[in-house]
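The lines below spell out each chain.
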Amino acid sequence: MKEIIIISLVVLLLMLANASKKASMKTKKTKQYMPHIDCDIKAGKIMDVEFLAKCPAGCQESKYRVYGSDIYASFSSVCSAAIHSGVIDNSGGKILVKKISGQSGYTGSFSNGIRSLSLPRWKESFIITEGKGKKSPSYPSVLEYASPNITTAKTGDRKQKVYQTSTMSTTPEPPATVASESFTTKDPHPTTTSTLISTKSTTATINKPLPPILRPRDIGHVQSATGRGHNQGISRQDPISTLLRPSGLPFGPGHKRFQQTISEKGIQPGQVNPNCKIDLAFLIDGSWSIGKRRFRIQKLFLSEMAQTLQVGSVGPLMGIVQYGDDPSTEFGLKTYSKSKDVQAAIERIQQKGGLSNVGQALSYVNKNFFSDANGNRGGAPNVALVLVDGWPTDKVEVASRLARESGINIFFVTIEGADEHEKPHVVEPNFVDKAVCRTNGFFSMNVPSWFSLRKIVQPLVKRVCDTDRLMCSKTCLNAADIGFIIDGSSSVGTGNFRTVLQFIVNITKEFEISDTDTRIGAVQYTYEQRLEFGFDKHSTKEDVVNAIKRINYWSGGTSTGAAISYASAHLFSKSKPNKRKIMIVITDGRSYDDVRVPATTAHRNGVIAYAIGIAWAAHDELQSIATDPDKEHFFFVDEFDSLYKYVGKIIQNICTEFNSQPRN
C-alpha cells in the first residue's frame, strides 16, 4: 500500500513537471513579435483595428503628411503622427495604434518638429500610445494591408509592375503617373485579369508618396478616373490615354483632333476673335482632392478653351488663378496676348494642393485680379469662370455677392458633384445658385465626369462671349437702351429747348456709354416725329453728348401719343435683347391726341416709361404715360430752369428699379 502511494506521488510530480515545461514553452512561443512599418505607411492602409508596430528613424520629414492633433485622420502617416503626438521621437520606436470612428473635423498644429494639417472631415481616425501593449498580448505579428503591394518583375527586356495582393483599399489613391501605354498582368484571382498603367520610363514607381485626398467623395473620383467595377483599369481606349502624352503636353492625338474640328468650323489657330472682347479669369481647382491625373485633364481643358477663345489684345484676354488653401495668380490678363503663349504657360502650371477654398478665391479675384495695373481694360466685361471638383470647402455666398456687385460675371463649372450620401458633407448647399449672376442655368454647368469636360468647350465659349447676357457686369448705369422723347412744340421756345437738351445731357453723362453698355437714342416731335439718332448711331459718351447738343429745335404742335408710337416702332424695336428699355418723355403741354393706348402698348412691350412734365403739362396724361408706380416715374416742375433738380432722382430711381430685379 505504501509503495502504491509513493508511485502515485512520483507520477503526479512527473505530470506537474511536464505541464510546467509545456507552459514555459508555450509562453516562449507567444512572445510578441513587433512588425516594422515604413514612414510613409498610412493608418488607413492597415486593416487591423488595433496593432503594435515599430517605426524606423527619420519619419520627421515634411513629405510624410499628418492630419489632426491627438486624434488623427487615417490618411495620416502613422509614424509621423506618433512623433507629432510625442509617443516617439525621430529615432523611431514602438507604438500602439488604435482605430476609432471618423471625426467631423481635425485641427492642425505644430508639435515636435512636425506640422500637422487641418481637415474638415474623414471617415476613420486613429490614436497612438506607447508600444507596451496589453498584459496578455494578442496583437497581430503580421499586419494586413488594404492596398496592393507592388513589386517589379522582369519580363523580357522591360520591367513590369505586378500586384502581389488583391485586397480592396478603403482609402484609395490616384496613380502617380498618367497612362501612355498599357499592359496586362496576371491577377491573384486566376479567373480575371487587370490592366495596369505605366509610363515608358523603366524607373517610374507607382507607389511613390502622393498628395493627400481630402474628401470622402474622392473614392468615387478614383473609380471614375480608373473605370468603375472590380478589376477595371485604363487601356489604350481610355479617354485619358487619348488625351495626354507621356510628357504631359496637351498636344497629343486629342489636341490634333480638336484643332481639326476648329479648322472645319472655319477658325484658324492664332486668329483673334474681336467679337469676344472680355477679360476672363479662370479659377482652377488645385486642391489635393482633384488628384494629379484630373489636374492634368483640367489643364488640357484650359488649353482648349484658350485655343477656342482665340486670345488677343483686341479680343478676349485670359488669366488664371489657382486655388487650394490660398489662391494665387498663375498669370494675369496682360501677361500673354496670343493663344499659343497662354497654352505654353498653362502647361507649366504646378498643382498647389490644399483644400478647395472657392470663397477665398473669389474674394482674391475681386480685390486683386481685375485691376487696371493687372491689365483690366475697363470697357471689356469681367468674367470669372470657376472650376470646382465636387464642392467648395468654404462658403461662397458673401464673396460671390461682393464680386457680382463689383461687376464680375461669375460662371461655375462643377465636375462630379455630390451624390445623395455625400450631400450632408457639402459646406454650403446650393452654393452654385448663391454664387452666380442669375439662377436660370446660363451661368452654371455641371459635368458628370472629368472625361466629359472637353464636350463643353464650345458651348462654354459661346456663353462667356455673349456680352449681351453677361448680367453681372450690367449695372443700372450700363445695361439700358434709353430713348428721349423730346417735345419740340412752339410753346417750348428756343431757349427752353436748349435747357431741355442740357437736362438730357446731364442725365446721359451719368451712364456708361458704349455699343455693349448703355446706348442713347432721341426722337423729337411736334405734330410729326423725327428720329434724331438711333441706339446704334453713337458708341461713346462724347459722341452722344455732342449729338444731343446738335439737335435743332423744330417748333409745331403737340402730338405726344403719336410720338410714343413712333418711338416704339423706330427706336425701341431695335433695342438689344436683355437690355432694359427706358423711355423718358419730356413735354410742356397737353397732347392733341390720346396718350393712353400708345403708352399701354409700350408698357406691354417691356418699355419702362418716365414722364417729365413742365409748366402746362397735363398731370393725368403724365400719369398715363408713366410706368406704375406713378410716383417713381412721374415728375413735374413749374419752370424749365428747375429740371436740373430731378437729374439725381431719376438716376436713383432707375438704379433702384434695376437692383430690385430677381436673380433668375
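Scroll up to find the structure.
Keep in mind the model is a prediction, meaning the values are calculated, not measured.

What counts as what
Residues numbered from 1 in each chain as written. Predicted model: local features only at pLDDT ≥ 70, side-chain atom pairs only at ≥ 80, totals over all residues. Heavy atoms only, no water. Helix = DSSP H or I, 4+ residues; strand = E, 2+ residues; numbered from the N terminus. Buried < 20%, exposed > 50% of the residue type's maximum accessible area, 1.4 Å probe, protein only. Contact = heavy atoms within 4.5 Å. Disulfide = S-S within 2.5 Å. Pairing = 2+ DSSP bridges. Axes fitted to C-alpha atoms, helices over the stretch in contact; angles between N-to-C directions.

Student: When you look at the environment of G92 in this model, what are you seeing that I'm missing?
Tutor: By secondary structure assignment, the location of G92 is in the loop between helix 2 (78-85) and strand 4 (93-101). A residue is classified by how much of its surface remains accessible, and G92, at 15% relative accessible area, is buried. The spacing of G92 and C79 is 13 residues in sequence and 7.9 Å in space, taken between C-alpha atoms. Dropping the residues within four chain positions of it, G92 is found in contact with C55, P56 and A57.

Student: I would appreciate a short explanation of the state of the cysteines in the present structure.
Tutor: Enumeration according to the criterion identifies 4 disulfides in this entry. Disulfide pairing places C55 opposite C79 at an S-S distance of 2.1 Å. Where C55 bonds to C79 through sulfur, the torsion about that S-S bond is close to -90°, and the disulfide is left-handed. Of this pair, C55 sits in strand 1 (residues 50-55) while C79 sits in helix 2, and the two are 24 residues apart along the sequence. In this pair, the class of C55 matches that of C79, namely buried.

Student: Just checking my understanding: could you explain unusual backbone geometry for this structure?
Tutor: Residues apart from glycine generally show negative phi values, whereas peptide bonds are mostly found in trans. For the bond from D628 to P629, the omega torsion is -5°, close enough to zero to count as cis. Here P629 shows up in the loop between helix 16 (619-625) and helix 17 (630-633). Of note in the backbone geometry, D70 takes a positive phi value of approximately 70° without being a glycine. Residue placement: D70 occurs in the loop between strand 2 (68-69) and strand 3 (71-73). Positive phi outside glycine occurs at S555, with the angle close to 80°. Here S555 lies in the loop between helix 13 (541-549) and helix 14 (560-570). The exposure class assigned to S555 is partly exposed, which follows from its relative accessible area of 35%.

Student: Quick question: what am I supposed to make of the sheet that holds strand 23 (residues 634-637) here?
Tutor: Pairing is mixed across the open sheet formed by 6 strands, whose spatial order is 20-19-18-21-22-23. Each edge of the open sheet is held by one strand with a lone partner, namely strand 20 (529-533) and strand 23. Going from strand to strand, the sheet's axes swing by 20° on average, the running direction of each strand aside. Pairing of strand 18 (residues 480-487) with strand 21 (residues 580-587) involves 7 bridges; the strand directions are parallel. In the sheet register, F484 faces strand 21, and the bridge partner there is I584. Where helix 12 (residues 494-508) meets the sheet, it contacts strand 18, strand 19 (519-525), strand 21 and strand 22 (607-614), and its direction lies at approximately 170° from that of strand 18. With respect to the sheet, helix 18 (residues 647-659) is in contact with strand 21, strand 22 and strand 23, its orientation differing from that of strand 22 by roughly 160°.

Structural measurements only, silent on function.
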